[in-house]
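What follows is each chain in one-letter form.
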Amino acid sequence: MTTDIEEKAKPGRPKGRNAYGESTVPLRIPKSKVTQITGYLKHYALKNRPGSIDFYEHIRQVSAPEVSVELPLYSSKVSAGFPSPCDDHIAKRLNIHDYLVDQEDATFLVTVTGLSMRDAGLLPKDVVVVDRSKNANIGNIILAVVNGEFTIKQLTLGKNGHPVLLPANPDFKAIEIKDGMDFEIWGVVTGSIRKYA
Amino acid sequence: MTAIALIDCNNFYASCETVFNPKLKDKAVVILSNNDGCCVSRSDAAKRLGIKMGAPWFQMKDQFKPGEVIALSSNYALYADASNRVMNILRQFSPDQETYSVDEAFISMSGFGNKDLTRYGQDIKATILQWTGLPVCVGIASTKTLAKLANHCAKKRPEYAGVCNFNALPIPSLNPILASLPINEVWGIGSRLSAKLNQFGIHTVLDLKQAHSRTLRDKFSVVVAKIIAELNGIACINLEQVAPPKQNIASTRSFGIPVTSIESLMESVTLYTSRAAEKARAQHTHANSISVFIQTSPFAQLPYYGGSLTVALPSPSNDTRLLVKTALWIVKRLYKPGYVYQKAGVLLNDLVPDEGRQADLFFDVSEANHAQSTKLMAVLDAINQRYGRHTLKLGSEGFKAPWKMKQNFKSPGYTTNWDELIRAS
């Protein structure tokens, strides 16, 4: 039974205006249970906020059996036995990413189209690894932008000191970079990948 | 002297697009928000055309000649990858870093001895440009608030070549710069506060720096006093190397097409709830309650309806299954047939950290069950991280999702999809 203690008007919070929206009574609780019970009350208050619905009740009545779905999840078992003599010699398995990529944050992948670099071993659908952190040297295969178009070619220097982009296929012409052309070295090609099956 | 640098990418989204599509260079490029609605990033050329941030694209597009402005949908996967690259590169330059937003980071340069920090800033700028193709500006000063202002100067004043170091400026040269900046450029001073400060005769950053801190603290708040201290080189805002977990997580989206059926609404709410739950797990928090809202377009010439409902969870949770179940229960309560819905959203509220999770006294979800849920969700997240988002999802999310947002002008996933890499002959 609860008794209304706050009958008369007195200072403090008006009646029923606490966190629970109903009158409250003092209660003695065991010291060891303070955390649980205050936690429960905090949650109870939250649940009774205007606009919120007692989903707690709802879910318990209507769909409690569905809440806990039993799933066959196996976590790995540890078997006790003789410690493996190899344990002290475990090395990381080789990883292709590590082989091809030096500076991960400056590395981009590009799909090859066309046959202009055929004799350098780059075929259509190959993926080349482009590292922007490397400075391009004469002789490097580079990804360049010429007049807004991407192209993969070998970087060389012409007689007049202008860059010349050399294809690796006699059917294609070299691109000489002249004044006024929009030219940018986007990155250095540092590797290539081909998948057969 | 303490030194903090703010590194900020210029026109971040538009710049990202230009890196992978060089034809966009020097063109007027705008990036549109979700559903191709508003302009959220502009190239310099687009700014010169007078296109404003946040302007609705459908209202503006007819004033330009075809091809004069290139509008692209947001390609968040591309921007997130570019952002991670920039943040990782910055780590080479300082051990102490705060990622402030997708395109901004503070780094500490204190204790670098008598290194020329302006030159160091130039190194940072050059490295990020070379490695990622993204232009950045660097502002260096003794506090975060001043570093923000220094960055503003680095952006707006060509004489600094993208790096502005307030610490290298003697007071007689610094003060005129501060006198030329209006107070609403100061971090933390919005338009309302600046209007009020104007009434006190405080118009420029220098006015504020030299204002009487005690008087303003009494008139306004301790926040203003802190800003004044920061402007005077006394650091009050520390570098937050680990972002504090969010108290609330929202996942809301407009639909690409009008939605009328409850099935479509439930599919979209499942997706949004899954995303929000994933975010909560990523920051190791649990929601105490969940809110869902659905609404029709307030602008359409159709009857308007909007409803929302908050439900407290039996015990704090970040389990996608429980949250989706709750969210769908709400959708069923809110849904009214006969309306054309345009938007829905899910909010996870009152998030608490793992360790502060309060188990329910009476509800029959045992701690063992909680441990199982944690494990299952970890597996779900690991699989989706490895094989791409939505690899593993709840069936109620649906498979076709015709209501998904419009992204008609999205660029390829140059760095995230094998079939969409840059192509070069």
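Side note on the overall build of chain A
Scanning chain A for helices and strands turns up 3 helices and 8 strands. By sequence separation, contacts in chain A at least 24 residues apart represent 51% of the contacts at least 6 residues apart.

Considering the pairing of strand β5 (residues 149-157) of chain A
Residues and elements named next belong to chain A. As defined by bridge partners, strand β4 (residues 141-146) adjoins β5 across 6 bridges and the pair is classed as antiparallel. Following the sheet pairing, Ile142 is matched in β5 by Lys153. Between β4 and β5, which pair antiparallel one after the other, the connecting turn spans 2 residues, and Asn147 there sits at a positive phi close to 45°. Summarising the sheet, β5 and strand β6 (residues 163-166) pair through 4 bridges and their orientation is antiparallel. Of the residues in β6, the one forming a bridge with Thr156 is Val164. Counting the residues between successive antiparallel strands, the hairpin from β5 to β6 contains 5 residues, one of them, Gly161, with a positive phi of roughly 85°.

What about the environment of Tyr304 of chain B?
Residues and elements named next belong to chain B. For Tyr304, the position within the fold is in the loop between β10 (285-296) and β11 (306-317). What makes Tyr304 partly exposed here is the crowd of 13 C-beta atoms within 10 Å. It is 45 Å that separates the C-alpha atoms of Tyr304 and Ile422, two residues lying 118 residues apart in sequence. The contacts of Tyr304, once residues within four sequence positions are left out, are Thr296 and Pro298.

Here's the deal with the domain arrangement of chain B
All names here are of chain B. Here chain B is described as being made up of domain 1 (1-167), domain 2 (170-243) and domain 3 (249-397). Taken over C-alpha atoms, the centre of domain 1 sits 24 Å from the centre of domain 2. Elements represented by at least two residues in the side of domain 1 that touches domain 2 include exactly β5 (97-101), β6 (104-108) and α6 (144-156). Residue contributions to the side of domain 1 that touches domain 2 peak at 7 residues, all from α6. Of the residues that constitute the side of domain 1 that touches domain 2, the class distribution is 5 nonpolar, 7 polar and 4 charged.

Considerations on the environment of Ser74 of chain B
Residues and elements named next belong to chain B. One can find Ser74 in the loop between β4 (69-73) and α4 (76-91). Remark: the alpha-carbon pair of Ser74 and Ala105, spanning 31 residues in sequence, is separated by 21 Å. Discounting residues that sit within four places of it in the chain, Ser74 has contacts with Tyr13, Ile31, Leu32, Ser33, Asn34 and Val40.

What about the sheet that holds strand β7 (residues 136-141) of chain B?
Residue and element names in this part refer to chain B. Ordered in space as β5-β6-β1-β7-β8, the 5 strands form an open sheet in which the pairing is mixed. Because the sheet does not close on itself, it has two edges, and the strands there are β5 and β8 (163-165). Looking at each pair of strands side by side, their axes are set apart by 15° on average, direction ignored. One ladder, built from 3 bridges, connects β7 with β8; its direction is parallel.

Examining helix α5 (residues 117-132) of chain B
All names here are of chain B. For α5, with 16 residues, the first-to-last C-alpha span of 22 Å sits near the 22 Å given by 1.5 Å per residue. Listing the buried residues of α5 in full gives Tyr120, Gly121, Ile124, Ile128, Trp131 and Thr132. For α5, the arc enclosing every buried residue in end-on projection is 110°, short of the 170-degree limit, so these residues lie on one face. Buried positions along α5 lie against β1 (4-9), α4, β7 and β8. Count one or two residues on from α5 and you reach Gly133, which has phi positive near 85°.

Considerations on the sheet that holds strand β3 (residues 39-42) of chain B
Residue and element names in this part refer to chain B. Pairing in this open sheet of 3 strands is mixed, and the strands run β3-β2-β4 from one edge to the other. Of all the strands in the sheet, the pair left with one neighbour each is β3 and β4. Taken pair by pair, the neighbouring strands of this sheet meet at an average axis angle of 30°, ignoring direction. Direction of pairing for strand β2 (residues 28-32) relative to β3: antiparallel, over a ladder of 3 bridges. Across the sheet, Leu32 pairs through a bridge with Cys39, a residue of β3. In the packing of helix α1 (residues 12-20) onto the sheet, contacts are made with β2, β3 and β4, and the angle to β2 comes to roughly 115°.

Comments concerning the environment of Asn140 of chain A
All names here are of chain A. Take Asn140: it is sitting in the loop between β3 (127-131) and β4. For the pair formed by Asn140 and Ile175, sequence separation is 35 residues and the distance between their alpha carbons is 15 Å. Asn140 has contacts with Leu155 and Val188, leaving out every residue within four places of it along the chain.

Description of the nonpolar core
Ranked by internal contacts, the top residues of the largest apolar core, which has 90 residues, are Ala5 and Ala150 of chain B. Leu265, Tyr272, Tyr339 and Leu347 of chain B belong to the second largest nonpolar core, which has 34 residues in total.

Looking at the packing of α4 of chain B against α5 of chain B
Any two packed helices are characterised by how steeply their axes cross, that is the angle between the axes, and by the distance between the axes. All names here are of chain B. Where α4 contacts α5, the two axes come as close as 10 Å, and the packing angle between them is 140°. Considering their axes alone, α4 and α5 lie oblique with respect to each other. Crossing handedness for the pair α4 and α5: right-handed. Contact residues: α4 offers Ala82, Arg85, Val86 and Ile89, while α5 offers Thr127, Ile128, Trp131 and Thr132. Its residues assigned to classes, the contact of α4 with α5 shows 5 nonpolar, 2 polar and 1 charged.

Thoughts on the packing of α6 of chain B against helix α11 (residues 222-231) of chain B
Residue and element names in this part refer to chain B. Direction vectors running N to C along α6 and α11 enclose 65°, while the axes themselves pass 7 Å from each other. Overall, the two elements α6 and α11 adopt an arrangement that is roughly perpendicular. Contacts between α6 and α11 pair Lys144, Thr145 and Leu146 from the former with Ile227, Glu230 and Leu231 from the latter. The residue makeup of the contact of α6 with α11, split by class, is 3 nonpolar, 1 polar and 2 charged.

Here is what the cut-offs are and how they apply
Residues numbered from 1 in each chain as written. Chains lettered and ligands numbered in written order. Predicted model: local features only at pLDDT ≥ 70, side-chain atom pairs only at ≥ 80, totals over all residues. Helix = DSSP H or I, 4+ residues; strand = E, 2+ residues; numbered from the N terminus. Contact = placed C-beta atoms within 7 Å. Pairing = 2+ DSSP bridges. Buried ≥ 20, exposed ≤ 12 C-beta atoms within 10 Å, placed from the backbone. Domains from an automatic or database assignment. Nonpolar A, V, L, I, M, F, W, Y, C, P; charged D, E, K, R; others polar. Axes fitted to C-alpha atoms, helices over the stretch in contact; angles between N-to-C directions. Expected span 1.5 Å × (residues − 1). Arc of directions from axis to C-beta. Core = buried A, V, L, I, M, F, W, Y, C linked by C-beta atoms within 7 Å. Parallel < 35°, antiparallel > 145°, perpendicular 65-115°, else oblique. Left-handed = near helix turned anticlockwise from the far one by under 90°.

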